[in-house]
Amino acid sequence: MSDFPLPDWSRIDVVCLDMDGTVLDLHFDNLFWLEVLPRRWGAARGLDFDAAMTQLKPRFDAKRGTLDWYCVDHWSEELGLDIPALKHELRDEIRYLEGAADFLDLLRGLGKRVLLTTNAHPLSLRVKDSQTQLSRHFDELVSSHDFGVPKERPEFWLELARRHDVPLARTLFVDDSAAVLQAAHRAQVAWIYQVLQPDSTRPPHPPVAGIAGVRRLADLRDSVLAQLSAGAGPESPPP
Ligand SMILES: [Mg+2]
């Protein structure tokens, strides 16, 4: 943990969590986009990995931070590949980050409303849910594709508050993307934490200035357990 304050769970009603790199290991997405897809795309064009990546990188960079970046339909069409089928092929690599599922169960034990807030396309969400059954840990699944704007944009947060009755001043949000965290900060979400090691196979990255960092979601479990042992939670022992 960094030096930032731990959440005061008595002042939090809603918990919004990102999916890839927060609840689920970003290893799958890095493997998919940075290794398997370039190889597959290159092989169809007689290009080796480096040549394929040289051509793909500017096309990826041009869409970063937009809804198209997260859209399987966009990339299936743009690259001439069946992206959902390719993800399905690689599905055994999809997994929770260590301790994430336990943390989600603890939140439910505390009686918090827990929402998945993801930029992932609904088709990607379906592949990941069928592999991990993550939806059973959440009260609601929110894909920014339903709003037509990604989490990087201020409109996302207005729509989240309006359509899903989320009180941002009593909400805790966790994500691994600097641009998304900064947007949440500007939208005045009360408690914001950044996951510093979204891919379990890669080293942690430095925190975004001004935002509390945790190595992974499970690090926040300590603050829940401290609240339970203080007798504030529903699972505390009888007096
Ligand atoms: Mg993420």
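See the structure shown above.
Here is a short report on the structure shown in this document. (Residues numbered from 1 in each chain as written. Predicted model: local features only at pLDDT ≥ 70, side-chain atom pairs only at ≥ 80, totals over all residues.)

1. Some details on helix H7 (residues 154-163)
Quick reminder of the rule: Residues are called buried when their C-beta atom has 20 or more other C-beta atoms within 10 Å, exposed when it has 12 or fewer, and partly exposed otherwise; all C-beta atoms are positioned from the backbone. Every helix listed is a DSSP run of H or I at least four residues long, and every strand listed is a run of E at least two residues long, numbered separately from the N terminus. It is the directions from the helix axis to the C-beta atoms whose arc is reported. Contacts are defined on C-beta atoms placed from the backbone: any two residues whose C-beta positions lie within 7 Å are in contact.
Of the residues making up H7, those classed as buried are Phe-156, Trp-157 and Leu-160. Here the buried residues of H7 occupy an arc of 95 degrees about the axis, which is enough to place them on one side. Pointing more than 90 degrees away from the buried face of H7 are the exposed residues Pro-154, Arg-162 and Arg-163. Against the buried residues of H7 lie strand E2 (113-118), strand E3 (140-143) and helix H8 (178-186). Just downstream of H7 lies Asp-165, where phi reads positive at about 55 degrees.

2. Considering the nonpolar core
Which entries qualify depends on this criterion: The term nonpolar core refers to a set of buried Ala, Val, Leu, Ile, Met, Phe, Trp, Tyr and Cys residues connected through C-beta atoms within 7 Å. Reported domain spans reflect what an automatic or database domain assignment gives.
Core analysis: the largest hydrophobic core is formed by 55 residues, its most contacted members being Cys-16, Val-23, Phe-103, Phe-173, Ala-184, Ile-192 and Leu-217. Residue assignment places this core across two domains, with domain 1 (9-26 + 95-229) and domain 2 (28-92) each supplying three or more. Ignoring sequence-local partners within four residues, the contact set of Ile-192 consists of Phe-173, Leu-181, Ala-184, His-185, Ile-211 and Ala-212.

3. Section: the pairing of E2
Short version of the rule: Being paired, for any two strands, means DSSP has found at least two bridges between them.
The sheet contact formed by strand E1 (residues 14-17) and E2 spans 4 bridges and is parallel. Bridge pairing links Val-15 to Val-114 in E2. Pairing between E2 and E3: 4 bridges, direction parallel. Among the inter-strand pairings, Thr-118 is bridged to a residue of E3, identified as Ser-143.

These values are about where atoms sit, not about what they do.
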